[in-house]
Amino acid sequence: MPVIHTIRAKNESNNDVISLVLSQDAVSPGPNGDPWCGVTLSADQARSLAQRLSSIALEIENREEPGSRTSSRSLIHLSSIAVVHDGSLQGHRALQAGLQFASRSFSRLNLLGIFGLKAKTGEAPGLTEDYEAQRGWLSRLAEMYEDEASAAGVRFRSKLFPANEPCALLDALYHMDSDLIVIPKNLTRFGNHGERLMPSIVSRLHSNVLICP
């Protein structure tokens, strides 16, 4: 999927300039068969790009440090979003919120699914068939979300984790270091007693966190 990178750089005269770089898959045949480089933007994506260009221009004009107005930690300049999903309605709302942010900011969207949780207690059941049923459900949801993300021009990846291995999910979040993490409210206390999801994210990461009811 074509991607636009907006970068503050230096020209040959060592002046600050703005570079727009397109990914290699942005090349396509033009009307005469010659290669063209381009991307198609929705209205929201076009506004987001314009806002980022304007922010970089203000940095240059005001002689500010690079990134002072365009940090990826800012909600209008996100580059990577992670959504935790347990197959519930709250998880679905979390994914939709993450997808909306991603479609407006050219962000990557990573779905981290948890299968094997009891609906009422949030604990990991011991029955293998429960795990397999929930894993199958989350896998089907991930395929559906991938199609939805593709239609919105969003890069999408998914990975599933068993509920009895909470540390694997936390490790994945730590390594992703996402700009925004979206979590269903019912999963904020997921994890071991000494390694709960929400407290661990707050204490170890500098990401924005959105809790979906």
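Heads up: the structure comes first, above all this text.
Residues numbered from 1 in each chain as written. Predicted model: local features only at pLDDT ≥ 70, side-chain atom pairs only at ≥ 80, totals over all residues. Heavy atoms only, no water.

Engineer: Break down the overall build of the protein for me, with residues and values.
Structural biologist: On a plain count of helices and strands, the protein comes out with five helices and 11 strands. Looking at the protein alone, contacts between residues at least 24 apart form 65% of all its contacts between residues at least 6 apart. Summed over its atoms, the accessible surface of the protein is roughly 12100 Å², and 51% of this surface lies on carbon and sulfur atoms. (Helix = DSSP H or I, 4+ residues; strand = E, 2+ residues; numbered from the N terminus. Contact = heavy atoms within 4.5 Å. Areas by Shrake-Rupley, 256 points an atom, 1.4 Å probe, with all protein chains shown as cover.)

Engineer: Any chance you could break down the pattern of salt bridges for me, citing the residues and the numbers?
Structural biologist: Summed over the entire model, instances satisfying the criterion amount to three salt bridges. Its salt-bridge partner being aspartate 16, residue arginine 8 comes within 3.5 Å of it at the nearest N-O pair. Ionic pairing is found between glutamate 59 and arginine 8, a salt bridge with its closest N-O pair at 3.2 Å. Here arginine 8 lies in strand S1 (residues 4-10) and glutamate 59 lies in helix H1 (residues 43-61), a separation of 51 residues in the sequence. Here the two residues glutamate 59 and arginine 8 agree in accessibility, since each one is buried. (Salt bridge = Lys/Arg side-chain N within 4 Å of Asp/Glu carboxyl O. Buried < 20%, exposed > 50% of the residue type's maximum accessible area, 1.4 Å probe, protein only.)

Engineer: Which residues make up the nonpolar core, and what values do they have?
Structural biologist: Considering soluble globular proteins, one finds that nonpolar side chains tend to be buried as a cluster. One finds Leu109 and Leu197 to be the most contacted residues of the largest nonpolar core, which totals 41 residues. For this core, the secondary structure elements donating two or more residues are strand S5 (80-85), helix H2 (89-105), strand S6 (108-115), helix H3 (128-151), strand S7 (155-162), helix H4 (166-176), strand S8 (180-184) and helix H5 (197-204). Of the residues forming this core, the biggest block, six residues, is contributed by H3. Sequence-distant contacts of leucine 109, that is, excluding residues within four places in its chain, are made with Ile81, Val83, Leu95, Gly98, Leu99, Ala102, Val154, Arg155, Phe156 and Arg157. (Core = buried A, V, L, I, M, F, W, Y, C linked by side-chain atoms within 4.5 Å.)

Engineer: If you had to explain the sheet that holds S8 to someone new, which residues and values would you point to?
Structural biologist: Judged by pairing direction, the sheet is parallel, and its five strands sit side by side in the order S7-S6-S5-S8-S11 without closing on themselves. One side of each edge strand has no neighbouring strand; the edge strands of this open sheet are S7 and strand S11 (208-212). This sheet shows a mean twist of 20° between the axes of neighbouring strands, independent of strand direction. Strand direction decides the pairing type here: S5 and S6, joined by six bridges, are parallel. Along S6, the bridge assignment pairs isoleucine 81 with leucine 109. Where H2 meets the sheet, its contacts fall on S5, S6, S7, S8 and S11, and the angle it forms with S5 comes to roughly 170°. (Pairing = 2+ DSSP bridges. Axes fitted to C-alpha atoms, helices over the stretch in contact; angles between N-to-C directions.)

Engineer: Break down the packing of H4 against H5 for me, with residues and values.
Structural biologist: Across the interface, H4 lies against H5 with an axial gap of 11 Å and an inter-helix angle of 25°. Accordingly, the angle class assigned to the pair H4 and H5 is roughly parallel. Crossing hand, H4 versus H5: right-handed. Taking contact as the criterion, the partners of Leu169, Leu170, Leu173 and Tyr174 in H4 are, on H5, Leu197, Ser200, Ile201 and Arg204. (Parallel < 35°, antiparallel > 145°, perpendicular 65-115°, else oblique. Left-handed = near helix turned anticlockwise from the far one by under 90°.)

Engineer: If you had to explain the side chain of glutamine 45 to someone new, which residues and values would you point to?
Structural biologist: On the secondary structure map, glutamine 45 appears in helix H1. At a separation of 3.5 Å, a polar atom in the side chain of glutamine 45 contacts the main-chain carbonyl oxygen of alanine 152. (Polar contact = N/O pair within 3.5 Å; in protein donor to acceptor, adjacent residues only side chain to side chain.)

Engineer: Which residues make up H2, and what values go with them?
Structural biologist: In this model, H2 (17 residues) spans 25 Å end to end at C-alpha, consistent with the 24 Å of a helix rising 1.5 Å per residue. By the burial criterion, the buried members of H2 are Gly91, Ala94, Leu95, Ala97, Gly98, Leu99, Ala102, Ser103 and Ser105. Of the residues flanking the end of H2, it is phenylalanine 106, one or two places downstream, whose phi is positive at about 60°. (Expected span 1.5 Å × (residues − 1).)

Engineer: How would you summarise the side chain of serine 23 if you had to cite specific residues and measurements?
Structural biologist: Position of serine 23 among the secondary structure elements: in the loop between strand S2 (16-22) and strand S3 (27-29). When its relative accessible area of 19% is taken as the criterion, serine 23 is described as buried. Of note is the side chain of serine 23, whose polar atom sits 2.5 Å from the side chain of aspartate 25.

Engineer: Before we move on, could you go through unusual backbone geometry and cite the residues and values that matter?
Structural biologist: Residue arginine 63 is not a glycine yet carries a positive backbone phi of 55°. Assignment of secondary structure puts arginine 63 in the loop between H1 and S5. Judged by relative accessible area, arginine 63 falls into the exposed class, the value being 78%. At phenylalanine 106, a residue that is not glycine, the phi angle is positive and equals roughly 60°. Here phenylalanine 106 is to be found in the loop between H2 and S6.

Distances and angles like these do not, on their own, reveal function.
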